[in-house]
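An overview of the molecular structure
Residues per chain, in single letters:
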Amino acid sequence: MTILITGVTGNAGGAVVQSLAAEQLAGRALVRKETALPDGIEPVYGDLNQPDTFVDALDGVTGIFLLSGYDRVEELLANAVRAGVRKVVLLSSSSLDGADLSNAVAAYHHAAEEAVKASGLEWTFLRPNSFMSNTLRWLDQLHAGDVVRVQFPEVPVATIHPRDIADVAVRALQGAEDGSVLRLTGPVGLTPVEQVEILGQGIGRPLTAYPMSRSETHDALFASMPPPYASAIEGFFGDGTIDETSVNDTVARVSGHAPRTLQEWVRENAVLFA
């Protein structure tokens, strides 16, 4: 078994590399330039938006960990079929559990899922909650002081450790959960205010959360990203069009271990906040 991992420099793809290496499974990491990788993970060079740049890397691959939202995905999947790839595990989104599949975030994940289904390959779709690593978005504020402005302060989210997503992905790439759509949650719903408190405890700083109003949040979102994406995020958490508060047992059932806590993620990554 050899797995091709895309998105290696991101949180999810990087975690899949770690999980494969921990189990001493063979992997190929799609990268654009030289990147540090653990033993047993071979770099292959190419661009996910240009499937013709890594056709040869598919030879001997049994499964692909794939990200949504990239160009020419149908071409990539056709190349995979010709190379004898058996399965795709797609990192999708909790946004597809909402009623509106036309918003900017749901739309590109939905398109990726439909392309994988149409390819004829076996598949598993992962629809995780927000990542624990999203706390890194507060880094600039922490460099400026100990007050963290938080959006949607009253909305609890059961954020998920990227390694839990990865551990589920590795099980799926080994043949589990074929044809399944897996909603993945962390162990407990925490408001952003509670997340800031846990972060402060973990890094040894007395952090204070400033609860942003809906108006402040709206302005901040639209100032930081294209309007269609800002509208989608506001709908998800401000209007409750998706549920990232509820907790399920999918991580434990598929991976065989309890989901990791935010406290664990902070301990593992405290150096990033130094």
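Look up a bit, the structure's there.
The present account deals with the structure reproduced in this document. (Residues numbered from 1 in each chain as written. Predicted model: local features only at pLDDT ≥ 70, side-chain atom pairs only at ≥ 80, totals over all residues. Heavy atoms only, no water.)

**Side note on the side chain of arginine 127**
- For arginine 127, the position within the fold is in strand β6 (residues 122–128).
- Taking the relative accessible area as the measure of exposure, arginine 127 reaches 12% and is therefore buried.
- Here arginine 127 is in contact with Ser92, Ser93, Ser94, Leu96, Asp97, Glu113, Val181, Leu182, Arg183 and Leu184, once residues within four sequence places are set aside. (Helix = DSSP H or I, 4+ residues; strand = E, 2+ residues; numbered from the N terminus. Buried < 20%, exposed > 50% of the residue type's maximum accessible area, 1.4 Å probe, protein only. Contact = heavy atoms within 4.5 Å.)

**A closer look at the layout of surface pockets**
- Reported here for the largest pocket is a volume of approximately 1300 Å³.
- Taken together, 47 residues form the lining of the largest pocket, with Ser130, Phe131, Asn134, Ile233 and Phe237 sitting closest to its centre.
- Listing elements by their share of the lining of the largest pocket, those giving two or more residues are α1 (11–22), α3 (104–119), β7 (147–150), α6 (192–203), α7 (214–224) and α8 (227–238).
- The greatest single-element share of the lining of the largest pocket, amounting to four residues, is contributed by α8.
- Residue composition of the lining of the largest pocket, grouped by class: 24 nonpolar, 20 polar and three charged. (1 Å grid on protein atoms, 1.4 Å probe; cavity = no way out; pocket = protein on both sides within 12 Å on 5 of 7 lines; lining within 4 Å. Points joined across faces, edges and corners; volume = space filled by probe spheres on them. Nonpolar A, V, L, I, M, F, W, Y, C, P; charged D, E, K, R; others polar.)

**Digging into the sheet that holds strand β2 (residues 26–31)**
- The strand order β3-β2-β1-β4-β5-β6-β8 describes an open sheet built from seven strands, whose pairing is parallel. Strands at the two margins of the open sheet, each flanked by one partner only, are β3 (41–45) and β8 (181–184). Across the sheet, the axes of successive neighbouring strands diverge by a mean angle of 20°, strand direction being ignored.
- Here four bridges tie β6 to β8, and the two strands are oriented parallel to one another. Bridging across to β8, phenylalanine 125 finds its partner in valine 181.
- On top of the sheet, α1 reaches β1 (2–5), β2, β3, β4 (63–67) and β5 (87–91); it is set at about 160° to β1, its chief contact. (Pairing = 2+ DSSP bridges. Axes fitted to C-alpha atoms, helices over the stretch in contact; angles between N-to-C directions.)

**Quick word on unusual backbone geometry**
- The phi angle at glutamine 24 is positive, at roughly 55°, despite the residue not being glycine.
- Topologically, glutamine 24 is positioned in the loop between α1 and β2.
- A relative accessible area of 76% means that glutamine 24 is categorised as exposed.
- We note that phenylalanine 152 has phi near 50°; this positive angle belongs to a residue other than glycine.
- As for its position among the elements, phenylalanine 152 is in the loop between β7 and α5 (162–173).
- Taking relative accessible area as the criterion, phenylalanine 152 reaches 11% and is therefore assigned buried.

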